[in-house]
Amino acid sequence: MSERSGEEVTKYNKEDLLHLAGGCMIGLLAGWLLQIEKEEIITYLLSNKLRWVSVSLRILFDTATIAVFYLLLRYFCSKKSRRLTVYYLLSVICSIFAAAAVSILIFLAIESYVMEAARAGFFDTNSGRYFIDHLVFIVFAGIALVFAATFAFLTKRKVTYITYISKEIKTIENDGFGRRLKVNGTDELAGLCMSINHMSQTLLEKQKYEQQLERRKNELIVNVSHDLRSPLTSVIGYVQLLKQTGPSDMEQFQEYITVVDRRLQGLHKMVDELFELTKLNDPDVNMNLEKAELCALLRHLAYENEILLQKRGLTLQKELTENSFEMEMDVGKIVRAVQNLFDNARKYAKENSTVKILTACSQDMFQLQMKNEVNNAEGIQAEKLFERFYIADAARSDTKSSGLGLAIVKRIVKLHGGEITASVCDGCLVLEIKFVKR
């Protein structure tokens, strides 16, 4: 967590003070040992009349003492030393020092008391003899009590934190993923909390994703059933009429056959597109990648579709770059994606309007934009255009569209590492594709 509460900052400062105190104590102890060793060596050198060597060694040992103290203090105060083992080691050291200090005070107090009691003849009494017999136990118990109390005080925060983590894990187990734990300090417990937070969030996202997949699966079943039922009902109805009337009225017979054929062609197309989308969503989808020039491919497809758009009373306005943009792609799938964009414009563009296609590229990026006027632009939910079976005008009974075309486009673009967006602006639907070289 990047932001900490005032309580967390206070606890963190206590940890800093503990590391500072521990570093000072360890540094002083190491320096004291070096000084003792120095005096032993210098005494030996002086006894052998090597005064000049002793002076050099004194300077060397004093410098080493200061350096060792500084390095130990720096290490214990650095973030690298803030580990749980070091924390408890410092707690033990602080507790030992506290117990040692108390034991010195106890011995000083006992010494003074014993002297006075001995002069008063207290040790000749039963109480005095009992005191002498249990003196060691009393002193040891006092020192142990001070050590235990100091250690419990210093480690209370970590124990409380461990209890908090255990309680929160049980809460996550009972209430579900997504709960976040407070992160205090920089030791292993803080790392554990961060890992639990990451795991909880990741599992929550996976859980939501699985629920979304289940919902989409159910929606797919409902949509497929709906899209199949309408044309099938129509086909069944016309077949029943054909069975009743027969070919006696050839004009009517031809009309019924035409409707049945159109409905069956629509069904066939929808099944093919559904099968294609299922294959594209397969994790092991087969991609025949090759290096190809995308801008030239777009110019060719625009030329082909211009005639088809004109048959629908639409005008194609082209703003196509003459630059080149090579990338690794499955040419067949890219052609299918772009063709689906043209088909979408041809089916849903406003009558006698203009369809605009624009391409632009730099050394590392390619951009394609297709724009066409639409009827009832307010009723289009741009964010849902790439969902399976979504048709903006909700005309599901019309077999000219399966509602899968743009879903196929999005999947193909994603397989090539690109992104596609949709927006509605000034009564126009704008579809935009971007590819970036990696």
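In this text the structure is predicted, and so the values were computed from the model without any measurement.

Summarise the overall build of the protein chain; cite the residues concerned and give the values.
Helix and strand counts for the protein chain come out as 10 helices and seven strands. Within the protein chain, buried positions represent 35% of all 438 residues. For the protein chain, the proportion of contacts with a sequence separation of at least 24, taken over those separated by at least 6, is 72%.

Provide a residue-level description of the packing of aromatic side chains, including the pertinent values.
By convention here, two paired aromatic rings are described through the distance between centres and the angle between planes. By the definition in use, this model includes three aromatic pairs. Pairing Phe 147 with Phe 151 gives two aromatic rings, centres 6.3 Å apart and planes at 5 degrees, and the pair type is stacked. Remark: Phe 151 and Phe 147 occur in helix α5 (residues 135-175); sequence separation between them is four residues, near one turn of the helix. Residue Phe 147 is classed as partly exposed on the basis of its relative accessible area of 29%. A relative accessible area of 26% means that Phe 151 is categorised as partly exposed. Of note, Lys 182 hangs over the ring of Tyr 164, and the distance from its end group to the ring centre comes to 5.3 Å. For Lys 437, the ring lying beneath its charged end belongs to Phe 325, and the centroid distance is 5.0 Å.

Got a sec to walk through empty space enclosed by the protein? Specific residues and values, please.
Applying the stated rule across the entire model yields two cavities of 30 Å³ or more. In this structure, the second largest cavity encloses a volume near 60 Å³. Every residue lining the second largest cavity is listed: Leu 294, Leu 298, Ile 334, Ala 337, Val 338, Phe 366, Leu 368, Val 413, Ile 433 and Phe 435. Going through the elements one at a time, α8 (294-311), α9 (331-348), β5 (365-373) and β7 (428-436) are the ones with two or more residues in the lining of the second largest cavity. Here the element with the most residues in the lining of the second largest cavity is α9; it accounts for three residues. Here the lining of the second largest cavity is composed, by residue class, of 10 nonpolar, no polar and no charged.

So what's going on with the sheet that holds strand β4 (residues 354-361)? Which residues, and what values?
Strand pairing in a sheet relies on backbone hydrogen bonds. The paired strands run either parallel or antiparallel. With mixed pairing, the five strands of this open sheet are ordered in space as β2-β4-β5-β7-β6. With one partner strand each, in any of the chains shown, β2 (315-319) and β6 (419-425) form the two edges of the open sheet. Geometrically, the sheet is characterised by an average inter-axis angle of 15 degrees between neighbouring strands, direction not taken into account. One ladder, built from seven bridges, connects β4 with β5; its direction is antiparallel. Looking at β5, one finds that Ile 357 is bridged to Met 370. Strands β2, β4, β5 and β7 of the sheet are contacted by α8, whose axis makes an angle of about 165 degrees with β2. Lying over the sheet, α9 contacts β2, β4, β5 and β7, oriented at roughly 20 degrees with respect to β5.

Go over α8 with me, naming the residues and quoting the values.
Helix length check: α8 (18 residues) gives 26 Å between terminal C-alpha atoms against 26 Å at 1.5 Å per residue, within 8%. Of all the bends found along α8, the most pronounced is centred on Asn 305 and spans about 30 degrees. Within α8 the residues assigned to the buried category are Leu 294, Cys 295, Leu 297, Leu 298, Leu 301, Ala 302, Asn 305, Glu 306 and Leu 309. The residue sitting at the N-terminus of α8 and contributing the capping side-chain oxygen is Glu 293; that oxygen lies 3.2 Å from the backbone nitrogen of Cys 295. Once α8 ends, the next one or two residues include Gly 313, with phi positive near 80 degrees.

Describe in detail the packing of helix α7 (residues 250-280) against helix α10 (residues 405-415), supporting the description with residues and values.
Running from N to C, α7 and α10 cross one another at 25 degrees; their axes reach a closest spacing of 10 Å. The angle between α7 and α10 places the two elements in the roughly parallel class. As for how α7 packs across α10, the hand of that crossing is left-handed. Here Glu 273, Glu 276, Leu 277 and Leu 280 of α7 come into contact with α10, specifically with Gly 405, Ala 407, Ile 408, Arg 411, Ile 412 and Leu 415. Tallied by class, the residues present in the contact of α7 with α10 amount to six nonpolar, one polar and three charged.

Break down the nonpolar core for me, citing the residues and quoting the values.
Core analysis: the largest hydrophobic core is formed by 51 residues, its most contacted members being Leu 294, Phe 342 and Phe 366. Counting residues per element, this core draws most heavily on α8, at seven residues. When near neighbours in sequence (up to four residues on either side) are disregarded, Phe 366 contacts Leu 294, Cys 295, Leu 298, Phe 325, Thr 359, Ala 360, Cys 361, Ile 433, Lys 434 and Phe 435. Residues Leu 84, Tyr 161, Val 183 and Cys 193 belong to the second largest nonpolar core, which totals 10 residues.

Explain a positive patch on the surface residue by residue, including any values.
Side chains of Arg 215, Arg 216, Lys 410 and Lys 414 sit close together on the surface and give a patch of like positive charge. Elements represented by at least two residues in the positive patch include exactly α6 (188-245) and α10. Judged by its relative accessible area of 56%, Lys 414 is exposed.

Run through the pattern of salt bridges, naming residues and quoting values.
The full count for this structure, using the stated rule, is five salt bridges. Notably, a salt bridge pairs Arg 179 with Glu 168, separated by 2.4 Å at the nearest N-O pair. Placement of Arg 179 in the loop between α5 and α6 and of Glu 168 in helix α5 is noted, with a sequence separation of 11 residues between them. Owing to a relative accessible area of 37%, Arg 179 belongs among the partly exposed residues under this scheme. A relative accessible area of 8% means that Glu 168 is categorised as buried. Here Lys 434 makes a salt bridge to Glu 432, at a shortest N to O gap of 3.8 Å. Look at Lys 434 and you get partly exposed, because its relative accessible area is 30%. Judged by relative accessible area, Glu 432 falls into the buried class, the value being 16%.

Account for the side chain of Ser 353, with residues named and values stated.
Along the polypeptide, Ser 353 turns up in the loop between α9 and β4. Overall, Ser 353 belongs to the buried group, its relative accessible area being 6%. Residues in contact with Ser 353, not counting those within four places in the same chain, are Gly 313, Leu 314, Thr 315 and Glu 373.

Thresholds, definitions, all that
- Residues numbered from 1 in each chain as written.
- Predicted model: local features only at pLDDT ≥ 70, side-chain atom pairs only at ≥ 80, totals over all residues.
- Heavy atoms only, no water.
- Helix = DSSP H or I, 4+ residues; strand = E, 2+ residues; numbered from the N terminus.
- Buried < 20%, exposed > 50% of the residue type's maximum accessible area, 1.4 Å probe, protein only.
- Contact = heavy atoms within 4.5 Å.
- Phe/Tyr/Trp six-rings, centres within 6.5 Å; stacked < 30°, edge-to-face > 60°.
- Lys NZ or Arg CZ within 6 Å of the ring centre and 35° of its normal.
- 1 Å grid on protein atoms, 1.4 Å probe; cavity = no way out; pocket = protein on both sides within 12 Å on 5 of 7 lines; lining within 4 Å.
- Points joined across faces, edges and corners; volume = space filled by probe spheres on them.
- Nonpolar A, V, L, I, M, F, W, Y, C, P; charged D, E, K, R; others polar.
- Pairing = 2+ DSSP bridges.
- Axes fitted to C-alpha atoms, helices over the stretch in contact; angles between N-to-C directions.
- Expected span 1.5 Å × (residues − 1).
- Bend = angle between axes of the 7 residues up to and from the residue.
- Polar contact = N/O pair within 3.5 Å; in protein donor to acceptor, adjacent residues only side chain to side chain.
- Parallel < 35°, antiparallel > 145°, perpendicular 65-115°, else oblique.
- Left-handed = near helix turned anticlockwise from the far one by under 90°.
- Core = buried A, V, L, I, M, F, W, Y, C linked by side-chain atoms within 4.5 Å.
- Patch = residues over 30% accessible without salt bridge, like charges linked within 9 Å, V, L, I, M, F, W, Y side chains within 5 Å.
- Areas by Shrake-Rupley, 256 points an atom, 1.4 Å probe, with all protein chains shown as cover.
- Salt bridge = Lys/Arg side-chain N within 4 Å of Asp/Glu carboxyl O.
- Lys, Arg positive; Asp, Glu negative; His and termini not counted.
- Charge placed at Lys NZ, Arg CZ, Asp CG, Glu CD.

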